[in-house]
Amino acid sequence: AQVYSLVSAQIKLGMINQDDEFSLEMELAERYCHEAQVQSYHFARALINLAEIHGRKGNLCKAQKYFAIMESIYMPTEHPKLLSAAYNVDRCAVGFATSALWFLQQGDVERAIERCEYVIK
């Protein structure tokens, strides 16, 4: 993040030349955006941890709220390998299955089955 900020500032100040299409600045911004998303796996892991705790406490509404936030940032093609490497298990993937139980506890069988089908895919 610091490197991007420094280079970006230098580009904006004209210390680093770039073309009229802003190609260098755009490429740097796109790479930074990707890296920020990839690093979000720690945040996703923290969110599912909170969701699971609330679920165990029986506070299913809060559990589902934390789960929804995690789901919105979870990148199923990138995060599993990063989470497994960092934590030995992808708790976010496990959380998708756990959330099916929360739906069952609330009597929402249809959404529980949808969640199970999502996990299987």
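Residue positions are counted from 1 within each chain, in the order its sequence is given. Selection of residues for local features in this predicted model requires a pLDDT of at least 70, selection of side-chain atom pairs for listing and counting requires 80 or more, and totals for whole chains, interfaces and linings are taken over all residues. Side-chain metrics in this entry use all non-hydrogen atoms of the structure; hydrogen atoms and water are not considered.

Peer 1: What is the right way to read helix α6 (residues 91-105) from this model?
Peer 2: The periodicity of an α-helix, 3.6 residues per turn, causes residues three or four positions apart to be oriented the same way. Between the first and last C-alpha of α6 there are 21 Å, a value that for 15 residues agrees with the 21 Å anticipated at 1.5 Å per step. Note that the bend at a residue is defined as the angle between axes fitted to the seven residues ending at it and the seven residues starting at it. A helix here means a DSSP run of H or I that spans at least four residues, while a strand means a run of E at least two residues long, and both kinds are numbered starting from the N terminus. At A97, α6 is deflected by roughly 25°, the largest bend along its length. Here the term buried applies to any residue with accessible area under 20% of the maximum for its type, exposed to any over 50%, and partly exposed to those in between, with areas from a 1.4 Å probe on protein chains only. What α6 keeps buried is the set C92, G95, F96, S99, A100, W102 and F103. Those residues of α6 that are buried are in contact with α3 (41-57), α4 (60-73), α5 (79-87) and α7 (109-120). N-capping of α6 is provided by D90, with a side-chain oxygen placed 3.0 Å from the backbone N of C92. Given the number of residues in a helix, its expected span is that number minus one, multiplied by 1.5 Å. Only heavy atoms enter the contact rule, under which two residues are in contact if any of them lie within 4.5 Å. Within 3.5 Å is the distance limit for a polar contact, defined as a pair of N or O atoms, with the added protein rule that one can donate a hydrogen and the other accept it, and that residues adjacent in sequence qualify only through two side-chain atoms.

Peer 1: Even after reading the chapter, I still don't get the nonpolar core, so can you show me in this structure?
Peer 2: Burial of nonpolar side chains together is a common tendency in soluble globular proteins. We define a nonpolar core as any set of buried Ala, Val, Leu, Ile, Met, Phe, Trp, Tyr and Cys residues linked to one another through side-chain atoms lying within 4.5 Å. In terms of nonpolar packing, the biggest core is built from 14 residues, with I48, F67, M70, Y74, C92 and W102 touching the most fellow members. Broken down by secondary-structure element, the contributors of at least two residues to this core are α3, α4 and α6. Counting residues per element, this core draws most heavily on α3, at five residues. Those residues in contact with W102 that lie beyond four places of it in its chain are A51, E52, G55, L60, A63, Q64 and F67.

Peer 1: Before we go on, may I ask you to explain a nonpolar patch on the surface in this structure?
Peer 2: Patch members must show over 30% relative accessible area and no salt bridge, and they are joined within 9 Å when carrying like charges or within 5 Å when they are nonpolar side chains of Val, Leu, Ile, Met, Phe, Trp or Tyr. Accessible surface area values rest on a Shrake-Rupley calculation with a 1.4 Å probe, where residue burial reflects the displayed protein chains alone. For this document, the term salt bridge refers to a Lys or Arg side-chain nitrogen within 4 Å of an Asp or Glu carboxyl oxygen. Among the surface-exposed residues, L101, L104, V109 and I113 lie close enough to one another that they form a single nonpolar patch of about 360 Å² accessible area. At the level of secondary structure, the elements contributing two or more residues to the nonpolar patch comprise α6 and α7. Relative to the helices and strands, I113 is located in helix α7. A residue is classified by how much of its surface remains accessible, and I113, at 45% relative accessible area, is partly exposed.

Peer 1: Honestly, the environment of F43 in this entry has me stumped. Any pointers?
Peer 2: Structurally, F43 can be placed in helix α3. Residue F43 is classed as partly exposed on the basis of its relative accessible area of 47%. C-alpha of F43 to C-alpha of M70: the two residues are 27 residues apart in sequence and 7.8 Å apart in space.

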